[in-house]
Amino acid sequence: MKYARFRDPAGAIRRGEYADDVIHFGGETFDVEDVDLLAPCEPSKIVCIGRNYADHAAEMDSDVPDRPMLFLKPPNAVAGHGDTISVPPGTDRVDYEAEIGVVIGDQCRNVPESRAMNVVAGFTCVNDVSNRDDQRREQNWVRGKAFDGAAPLGPVLATPDEVPPDAAVRSRVNGELKQDGSRSQLIFSIPALIAEITTYLTLEPGDVIATGTPEGVGPLADGDDVAIEVEGVGMLEHSVRVP
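Structural notes, computed from the coordinates. (Residues numbered from 1 in each chain as written. Predicted model: local features only at pLDDT ≥ 70, side-chain atom pairs only at ≥ 80, totals over all residues. Heavy atoms only, no water.)

**Quick word on the overall build of the protein chain**
Stage number 1. When helices and strands are tallied, the protein chain shows four helices and 20 strands.
Stage number 2. Compactness check: the protein chain gives a C-alpha radius of gyration of 17 Å against a globular reference of 18 Å for 243 residues, within 12% of the reference.
Stage number 3. Projected onto the principal axes, the alpha-carbon positions of the protein chain cover approximately 55 × 45 × 30 Å.
Stage number 4. Residue burial in the protein chain is summarised as follows: out of 243 residues, 53% are buried.
Stage number 5. Here the analysis covers contacts within the protein chain between residues at least 6 apart in sequence; of these, 72% occur between residues at least 24 apart. (Helix = DSSP H or I, 4+ residues; strand = E, 2+ residues; numbered from the N terminus. Rg over C-alpha atoms; globule rule 2.2 N^0.38 Å. Buried < 20%, exposed > 50% of the residue type's maximum accessible area, 1.4 Å probe, protein only. Contact = heavy atoms within 4.5 Å.)

**Digging into the sheet that holds strand β9 (residues 84-86)**
Stage number 1. Pairing is mixed in the open sheet, where five strands are placed in the order β9-β20-β19-β15-β16. With one partner strand each, in any of the chains shown, β9 and β16 (176-182) form the two edges of the open sheet. Averaged over all pairs of adjacent strands, the angle between strand axes in this sheet comes to 25°, irrespective of strand direction.
Stage number 2. Relative to β16, strand β15 (residues 168-173) runs antiparallel, the two sharing six bridges. By the bridge assignment for β16, A168 is matched with S182. (Pairing = 2+ DSSP bridges. Axes fitted to C-alpha atoms, helices over the stretch in contact; angles between N-to-C directions.)

**Digging into unusual backbone geometry**
Stage number 1. Across the junction of G154 and P155, the peptide omega takes the value 0°, indicating a cis bond.
Stage number 2. Turning to its location among the elements, P155 is positioned in strand β14 (residues 151-158).
Stage number 3. Unusually for a residue other than glycine, D20 sits at a positive phi of about 55°.
Stage number 4. Structurally, D20 can be placed in the loop between β2 (13-19) and β3 (22-25).
Stage number 5. A relative accessible area of 74% places D20 in the exposed class.

**Looking at the pairing of strand β20 (residues 234-241)**
Stage number 1. Summarising the sheet, β9 and β20 pair through three bridges and their orientation is parallel. Looking at β20, one finds that S86 is bridged to R241.

**Concerning the side chain of R5**
Stage number 1. Following the sequence through the fold, R5 ends up in strand β1 (residues 2-7).
Stage number 2. A polar side-chain atom of R5 sits 2.5 Å from the main-chain carbonyl oxygen of A39.
Stage number 3. Not counting chain neighbours up to four residues away, the residues in contact with R5 comprise I13, R14, R15, D36, L37, L38, A39, P40, C41 and E42. (Polar contact = N/O pair within 3.5 Å; in protein donor to acceptor, adjacent residues only side chain to side chain.)

**What to know about helix α4 (residues 190-200)**
Count 3.6 residues to each turn of an α-helix, and residues three or four apart come out pointing the same way.
Stage number 1. Of all eleven residues that make up α4, eight are buried, and the element is covered over most of its length.
Stage number 2. Among the residues making up α4, those that are buried are I190, P191, A192, L193, I194, A195, I197 and T198.
Stage number 3. The elements touched by buried residues of α4 are β6 (46-50), β7 (69-73), β11 (98-104), β12 (120-127) and β17 (208-210).

**A word on the sheet that holds strand β18 (residues 218-219)**
Stage number 1. Strand order in this open sheet of three strands is β13-β10-β18, and the pairing throughout is antiparallel. Each end of this open sheet is capped by a strand with a single partner; those strands are β13 (130-131) and β18.
Stage number 2. In this structure, strand β10 (residues 94-96) lies alongside β18, joined through two bridges in antiparallel fashion. Across the sheet, D95 pairs through a bridge with P219, a residue of β18.

**Quick notes on a negative patch on the surface**
Stage number 1. On the surface, D20, D21, D31, E33 and D34 cluster together into a patch of negative charge.
Stage number 2. With respect to the secondary-structure elements, E33 resides in the loop between β4 (28-31) and β5 (36-38). (Patch = residues over 30% accessible without salt bridge, like charges linked within 9 Å, V, L, I, M, F, W, Y side chains within 5 Å. Areas by Shrake-Rupley, 256 points an atom, 1.4 Å probe, with all protein chains shown as cover. Salt bridge = Lys/Arg side-chain N within 4 Å of Asp/Glu carboxyl O. Lys, Arg positive; Asp, Glu negative; His and termini not counted. Charge placed at Lys NZ, Arg CZ, Asp CG, Glu CD.)

**Quick notes on the side chain of D8**
Stage number 1. You can see D8 is positioned in the loop between β1 and β2.
Stage number 2. Residue classification places D8 among the buried residues on the basis of a relative accessible area of 10%.
Stage number 3. In terms of polar contacts, D8 uses its side chain to reach the backbone amide nitrogen of A10, at 2.9 Å.
Stage number 4. Here D8 is in contact with R14, F30 and V35, once residues within four sequence places are set aside.

**With respect to the environment of C125**
Stage number 1. Tracing the backbone shows C125 in strand β12.
Stage number 2. Take C125: its relative accessible area is 0%, and that puts it in the buried class.
Stage number 3. Not counting residues within four places of it along the chain, the set of residues in contact with C125 comprises E99, P152, L153, G154, P155, I228, E229, V230, V233, G234 and L236.

Printed below as a string of structure tokens:
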């Protein structure tokens, strides 16, 4: 099953079942073209994983880490399907990074791998938009990763049964395929990530784990149209503005 958050024609924010470009809520149906589709959840934080695909680590001339490499994006980074994101002014290179987003369903801490999928509400698409200029200059990556709009999410939340173990993860820029990876290529599995993260952090309902990106990342330019696809979820689309 898939769920969408949206603002209905009266301005109320709703959550309904999504199928075939129609949202069902409260006995009514809404065509997605007639509503504002919002990010599918409201995370208190996005926990991101660096270098979780060996081919991406190689293209960045970096080693594969011996434990999950964690960093955070705050709520101000969230953007939705159809939004236009503005990158920080004066930057030479801002990249797209297609990722599977794991949406947490229950408040949790110290979750063992064997029970990790029990706390997962579903999956969504994430673009880990990255300001490489500042990322290379700082250790905590606030300027590089946490700027406004740096985490487009969507278009919907798909329950775990919708997303196969080898789900494709792809990005396209202006219609051109740039990344074509698979969930099966993750170095650290989703249960392993949940176990590691909850050793240190309490995860709240709606929090997102961005699981890492496959090879093929590259720069964005003013006016670019970006599409992030996760098999079983759908296609997250947004545009880019360079001030």
